[in-house]
Amino acid sequence: MPDDNFNESIDSIDLKDALALAAYIEQLLMTEQQWILNRLSWLFTSQSFLITAFVVLLGSGNHSPSAHLLRIALPLLGLFCCITVAIAIRAAERVRKPLENRRAYLSMHINKLAKSPKLVPMLGSSKALRDNPWTLHQGSLPHIVLPWAFAVLWLLLLMSLGL
């Protein structure tokens, strides 16, 4: 259901049903947020092990064919992990954004029914549906920027090896 039709479809529900629906949408949002946090946690754990292994390998002075292969394979694996996590986080974001807008419409409806304009804050994914629009992008910076920052690090390390 597109978000612009969602607002019209909740006009007839009472406060109790609106609160129940808002609680359900909040559970769905928390699930998506947990997916993002799990992916970031996995990314940081994998990157710490890969970077440590890479640094130890570089400092070992080992010039065997296996060590040379690992000098290339570890950055490639690190890069692959970063890109995979970034794509997976983007998928969670695509699920989360319409849910946030639906939560904002429900917030407006609950506030209207409760006759209080600021009882429940609007936290949608568009500026028009958010009380503090600046928090929209700044709050997402870590999970959007950090996978790509690690990816750039691995690319720079690959380039430093002459690849």
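In case you missed it, the structure is sitting above this.
Being a predicted model, the structure only gives us computed values, none of them experimental.

**Observations concerning the pattern of salt bridges**
Thinking step 1. For the structure shown, the criterion picks out three salt bridges.
Thinking step 2. For arginine 96, the salt bridge identified is with glutamate 93, shortest N-O distance 3.0 Å. Placement of the pair is arginine 96 and glutamate 93 together in helix α3 (residues 65–114), with a separation of three residues, close to one helical turn. Per residue, the accessibility class of arginine 96 equals that of glutamate 93, and both read buried.
Thinking step 3. A salt bridge links arginine 96 to glutamate 100, with the nearest nitrogen and oxygen atoms 3.2 Å apart. Here glutamate 100 and arginine 96 lie together in helix α3, a separation of four residues that amounts to about one turn. Summarising the burial analysis for this pair, arginine 96 and glutamate 100 share the class buried.
Thinking step 4. Linked through salt bridges whose partners overlap, the residues forming this network are Glu93, Arg96 and Glu100.

**Some words on the packing of helix α2 (residues 15–60) against helix α5 (residues 141–160)**
Thinking step 1. Two elements in contact, α2 and α5, have axes whose closest approach is 11 Å; the angle formed by their N-to-C orientations is 20°. For the element pair α2 / α5, the angle class is roughly parallel. In this structure, α2 crosses over α5, and the sense of that crossing is left-handed. Contacts between α2 and α5 pair Ile36, Leu40, Leu43, Phe44, Gln47, Leu50, Ile51 and Phe54 from the former with Pro142, His143, Leu146, Pro147, Phe150, Leu153, Trp154 and Leu157 from the latter.
Thinking step 2. Across the contact of α2 with α5, the residue classes break down as 14 nonpolar, two polar and no charged.

**Structural notes on the packing of aromatic side chains**
Thinking step 1. Scanning the model with the defined rule gives two aromatic pairs in all.
Thinking step 2. Look at phenylalanine 54 and tryptophan 154: their rings are 6.0 Å apart centre to centre, the planes differ by 85°, and that puts the pair in the edge-to-face class. Of this pair, phenylalanine 54 sits in helix α2 while tryptophan 154 sits in helix α5; the two residues are 100 residues apart in sequence, bridging distant segments of the chain.
Thinking step 3. The class for phenylalanine 54 is buried, based on a relative accessible area of 2%.

**Quick notes on the state of the cysteines**
Thinking step 1. Across all of its chains, the model carries zero disulfides by this definition.
Thinking step 2. Cysteine 81 provides the cysteine sulfur closest to cysteine 82, a residue in no disulfide bond, and the two sulfurs are 6.8 Å apart.
Thinking step 3. Overall, the relative accessible area of 0% leaves cysteine 82 in the buried class.

**Here we look at the side chain of glutamate 100**
Thinking step 1. Residue glutamate 100 is classed as buried on the basis of its relative accessible area of 8%.
Thinking step 2. Other than its neighbours up to four places away in sequence, glutamate 100 contacts Leu29, Leu123, Gly124 and Ser125.

**Quick word on the side chain of histidine 143**
Thinking step 1. Within the secondary structure layout, histidine 143 lies in helix α5.
Thinking step 2. When sequence neighbours within four positions are dropped, the list of residues in contact with histidine 143 reads Ile36, Leu40, Ile89, Glu93 and Arg96.

**A short note on the environment of tryptophan 42**
Thinking step 1. Examined against the element boundaries, tryptophan 42 turns out to sit in helix α2.
Thinking step 2. Take tryptophan 42: its relative accessible area is 45%, and that puts it in the partly exposed class.
Thinking step 3. C-alpha of tryptophan 42 to C-alpha of cysteine 81: the two residues are 39 residues apart in sequence and 9.3 Å apart in space.
Thinking step 4. Once residues lying within four places of it in the same chain are set aside, the contact partners of tryptophan 42 are Cys81 and Val85.

**What to know about the packing of α3 against α5**
Thinking step 1. α5 packs onto α3 with a crossing angle of 160° between their chain directions and a minimal axis gap of 9 Å. Taken together, the axis directions place α3 and α5 in an arrangement best described as roughly antiparallel. By crossing handedness, the relation of α3 to α5 is classed as left-handed.
Thinking step 2. Of the residues belonging to the contact of α3 with α5, the class tally is 17 nonpolar, two polar and two charged.

About the criteria used
Residues numbered from 1 in each chain as written. Predicted model: local features only at pLDDT ≥ 70, side-chain atom pairs only at ≥ 80, totals over all residues. Heavy atoms only, no water. Salt bridge = Lys/Arg side-chain N within 4 Å of Asp/Glu carboxyl O. Helix = DSSP H or I, 4+ residues; strand = E, 2+ residues; numbered from the N terminus. Buried < 20%, exposed > 50% of the residue type's maximum accessible area, 1.4 Å probe, protein only. Axes fitted to C-alpha atoms, helices over the stretch in contact; angles between N-to-C directions. Parallel < 35°, antiparallel > 145°, perpendicular 65-115°, else oblique. Left-handed = near helix turned anticlockwise from the far one by under 90°. Contact = heavy atoms within 4.5 Å. Nonpolar A, V, L, I, M, F, W, Y, C, P; charged D, E, K, R; others polar. Phe/Tyr/Trp six-rings, centres within 6.5 Å; stacked < 30°, edge-to-face > 60°. Disulfide = S-S within 2.5 Å.

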